[in-house]
Amino acid sequence: MKSLPPAFPLLLLFVYSTLTAAQSPAAAPAPPGPTNVTAILEKAGQFTTFIRLLQNTKVADQITAALNNSNQGLTILAPTDSSFSNLKPGTLNSFTDEQKVQLIQFHILPSFFSPSQFQAASNPLRTQAGGSQGSFPLNVTATGNSVNITTGVTNATVGNAIYTDGQLAVYQVDQVLLPLSFFMTPAPAPAPQKPKKAARSADAPSGSDVSTTADSSSAICLSKKVIRAMACAMLVLAAFT
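What you see is a predicted model; the values in this text were computed from it and never measured. (Residues numbered from 1 in each chain as written. Predicted model: local features only at pLDDT ≥ 70, side-chain atom pairs only at ≥ 80, totals over all residues. Heavy atoms only, no water.)

Some thoughts on the side chain of Thr38
So, point 1. Mapped onto the fold, Thr38 is located in helix H2 (residues 37-44).
So, point 2. Judged by its relative accessible area of 13%, Thr38 is buried.
So, point 3. In terms of polar contacts, Thr38 uses its side chain to reach the side chain of Asn36, at 2.7 Å. (Helix = DSSP H or I, 4+ residues; strand = E, 2+ residues; numbered from the N terminus. Buried < 20%, exposed > 50% of the residue type's maximum accessible area, 1.4 Å probe, protein only. Polar contact = N/O pair within 3.5 Å; in protein donor to acceptor, adjacent residues only side chain to side chain.)

Some thoughts on the confidence of the model for the protein chain
So, point 1. On average, the protein chain scores 77 in pLDDT, and the residues at 70 or more come to 61%.
So, point 2. Taken element by element, the protein chain is modelled with least confidence in helix H1 (residues 8-23), mean pLDDT 51, and with most confidence in helix H3 (residues 48-56), mean pLDDT 97.
So, point 3. Here residues 27-31 is a poorly scored stretch, pLDDT under 50, and it has zero contacts once near neighbours within four places are set aside; other chains count. (pLDDT = per-residue confidence, 0-100. Contact = heavy atoms within 4.5 Å.)

Description of the pairing of strand S6 (residues 168-173)
So, point 1. The buried count for S6 comes to five of six residues, which makes it a mostly enclosed element.
So, point 2. Summarising the sheet, strand S1 (residues 74-79) and S6 pair through six bridges and their orientation is parallel. Directly across from Leu77, in S6, lies its bridge partner Tyr171.
So, point 3. Looking at chain direction, strand S5 (residues 155-164) and S6 are connected through four bridges and run antiparallel. Paired with Val158 across the two strands is Val173, which belongs to S6.
So, point 4. A loop of three residues connects S5 with S6, the two strands running antiparallel in sequence, and Gly166 in this loop sits at a positive phi of about 90°. (Pairing = 2+ DSSP bridges.)

Here's the deal with the packing of aromatic side chains
So, point 1. If you walk through the whole model with that rule in mind, you get six aromatic pairs.
So, point 2. Look at Phe95 and Phe182: their rings are 5.1 Å apart centre to centre, the planes differ by 65°, and that puts the pair in the edge-to-face class. Note that Phe95 is positioned in the loop between helix H5 (81-85) and helix H6 (97-105) and Phe182 in the loop between S6 and helix H8 (207-240), a separation of 87 residues in sequence. Here Phe95 matches Phe182 in class, with each residue buried.
So, point 3. Judged by centre distance (5.5 Å) and plane angle (70°), the rings of Phe118 and Tyr171 are edge-to-face. You can see Phe118 sitting in helix H7 (residues 115-119) and its partner Tyr171 sitting in strand S6, a full 53 residues away along the chain. For the pair Phe118 and Tyr171, a shared accessibility class is recorded, and that class is buried.
So, point 4. The rings of Phe95, Phe106, Phe136, Phe182 and Phe183 are connected pair by pair, giving a single aromatic cluster. (Phe/Tyr/Trp six-rings, centres within 6.5 Å; stacked < 30°, edge-to-face > 60°.)

Digging into a nonpolar patch on the surface
So, point 1. A grouping of Val153, Leu180, Phe183 and Met184 is seen on the molecular surface, where their side chains present a nonpolar patch of about 370 Å² in accessible area.
So, point 2. Tracing the chain through its elements places Leu180 in the loop between S6 and H8.
So, point 3. Residue classification places Leu180 among the partly exposed residues on the basis of a relative accessible area of 40%. (Patch = residues over 30% accessible without salt bridge, like charges linked within 9 Å, V, L, I, M, F, W, Y side chains within 5 Å. Areas by Shrake-Rupley, 256 points an atom, 1.4 Å probe, with all protein chains shown as cover. Salt bridge = Lys/Arg side-chain N within 4 Å of Asp/Glu carboxyl O.)

A short note on unusual backbone geometry
So, point 1. Note that the residue after Asn123, namely Pro124, is joined by a cis bond; omega there is -5°.
So, point 2. Locating Pro124 in the fold gives a position in the loop between H7 and strand S3 (139-143).
So, point 3. Of note, the phi angle at Gln46 is positive, near 60°, even though the residue is not glycine.
So, point 4. Tracing the chain through its elements places Gln46 in the loop between H2 and H3.
So, point 5. On the basis of relative accessible area, Gln46 is assigned to the partly exposed category, the value being 44%.
So, point 6. One non-glycine residue, Lys58, adopts positive backbone phi at about 70°.
So, point 7. Among the secondary structure elements, Lys58 is positioned in the loop between H3 and helix H4 (59-69).

Below you can see the structure in the form of structure tokens.
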């Protein structure tokens, strides 16, 4: 009987492993992770300031949550670094933390807009700023392939799409969109009304004056009566003497 070659056991092990692997079901592909907006902007370049504000205000987390929980999608209007450089010096620093959140939310539309959908958009467009109250709207004007955004303070042009997947659209804009409400002077509060005093007749003296006058008149009348009585008594006495 011939002995098996030394490599035969290794060959059997290889064949067995190959058959086992062929019979095992293929692993299911991992579900895609949420869209990373900051990574999209970083790849596009020239959006450093907008990315920093997205992260500092936590609006980037709000975008991720909205994309995971909404079927309407989102549209982001991303200003370039040069757009922020064109602002008046100190503009960003003059805003409160709450206003900075509203500023970034003002650049986000709570629905997906393709370039052709801007043509049929109904003004004013609601933004993420101000919540469902819609207190931070903007207007869009589309002429041919040109799309313009107006806020009452800023007139911006929408550039080509940086990213679109049917749920999220990111467009470049050449100006920072400034909300009109940031620059409106609040109406002064009405002055408190003074309490009205009871009307008093000009001819009528005060209560204390009336009582004093009445007392004085009574005293005079009483004095006259006493004098007359004394005069009468003196006349009677004179008649008997």
